[in-house]
Amino acid sequence: MADLDTKLLRGFVSVAETGSMTRTAHDMRQTQGAVSQQIKRLEAILGQPLFLRSGSGLALTAAGQDFLPSAKDIIT
């Protein structure tokens, strides 16, 4: 796996845990747009979507579920 920016991983883990880019943005003192771009960047690096986006919110894809433990290990 390529060297990944821990900021991208922290954002991914936070969104996965909260289910909200807006809440993650608030917690990380960023804009929602910045968090969204970070997630899109991470998805591009990994070559697969990590979240399913719907009107009712966000949910991890199978790839996101598989990646979450590794992301947590890297940032802790």
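As shown above, the structure is provided for reference.
These figures come from a predicted structure and were not determined experimentally. (Residues numbered from 1 in each chain as written. Predicted model: local features only at pLDDT ≥ 70, side-chain atom pairs only at ≥ 80, totals over all residues. Heavy atoms only, no water.)

### Quick notes on the packing of helix α1 (residues 6–18) against helix α4 (residues 62–75)
Packed helices, taken two at a time, are described by the angle their axes make and the gap between the axes.
Moving on, step 1. α4 packs onto α1 with a crossing angle of 125° between their chain directions and a minimal axis gap of 9 Å. Between α1 and α4, the interaxial angle falls into the category oblique. Both α1 and α4 take part in a crossing whose hand is left-handed. From α1, Thr6, Leu9, Arg10, Phe12, Val13, Ala16 and Glu17 reach across to α4, where they touch Gly64, Phe67, Leu68, Ala71, Lys72, Ile74 and Ile75.
Moving on, step 2. Here the contact of α1 with α4 is built from residues that sort into nine nonpolar, two polar and three charged. (Axes fitted to C-alpha atoms, helices over the stretch in contact; angles between N-to-C directions. Helix = DSSP H or I, 4+ residues; strand = E, 2+ residues; numbered from the N terminus. Parallel < 35°, antiparallel > 145°, perpendicular 65-115°, else oblique. Left-handed = near helix turned anticlockwise from the far one by under 90°. Contact = heavy atoms within 4.5 Å. Nonpolar A, V, L, I, M, F, W, Y, C, P; charged D, E, K, R; others polar.)

### Let's talk about the packing of aromatic side chains
Moving on, step 1. What the rule picks out here adds up to two aromatic pairs.
Moving on, step 2. Measuring from centroid to centroid gives 5.4 Å for phenylalanine 12 and phenylalanine 67, while their planes differ by 45°, and the two rings are tilted. With phenylalanine 12 in helix α1 and phenylalanine 67 in helix α4, this residue pair connects regions lying 55 residues apart in the sequence. Neither phenylalanine 12 nor phenylalanine 67 differs from the other in exposure class; each is buried.
Moving on, step 3. Members of the aromatic cluster, joined through ring pairs, are Phe12, Phe51 and Phe67. (Phe/Tyr/Trp six-rings, centres within 6.5 Å; stacked < 30°, edge-to-face > 60°. Buried < 20%, exposed > 50% of the residue type's maximum accessible area, 1.4 Å probe, protein only.)

### A short note on the nonpolar core
Moving on, step 1. Counting residues in hydrophobic clusters, the biggest one holds 17 residues, and the most contacted among them are Leu9, Phe12, Ile39, Leu42, Phe51 and Phe67.
Moving on, step 2. Only α1, α2 (21–28), α3 (32–46) and α4 provide two or more residues apiece to this core.
Moving on, step 3. If we skip the residues at most four places from it in the chain, phenylalanine 12 touches Ile39, Leu42, Leu50, Phe51, Leu60, Gly64, Phe67, Leu68 and Ala71. (Core = buried A, V, L, I, M, F, W, Y, C linked by side-chain atoms within 4.5 Å.)

### Considering α1
Moving on, step 1. Between its first and last C-alpha, α1 extends 18 Å over 13 residues, near the 18 Å set by a 1.5 Å rise per residue.
Moving on, step 2. For α1, the complete set of buried residues consists of Leu8, Leu9, Gly11, Phe12, Val13, Ser14 and Val15.
Moving on, step 3. For α1, the N-terminal capping position is held by aspartate 5, with its side-chain oxygen 2.8 Å away from the main-chain nitrogen of lysine 7.
Moving on, step 4. Just downstream of α1, glycine 19 is the residue with a positive phi angle, here 75°. (Expected span 1.5 Å × (residues − 1). Polar contact = N/O pair within 3.5 Å; in protein donor to acceptor, adjacent residues only side chain to side chain.)

### Regarding the pattern of salt bridges
Moving on, step 1. One pass over the structure, following the stated rule, counts two salt bridges.
Moving on, step 2. As a salt-bridge pair, lysine 72 and glutamate 17 come within 3.4 Å of each other at their nearest N and O atoms. Highlighted residues: lysine 72 in helix α4 and glutamate 17 in helix α1, separated in sequence by 55 residues.
Moving on, step 3. Glutamate 17 gets classed as exposed once you look at its relative accessible area, which sits at 54%. (Salt bridge = Lys/Arg side-chain N within 4 Å of Asp/Glu carboxyl O.)

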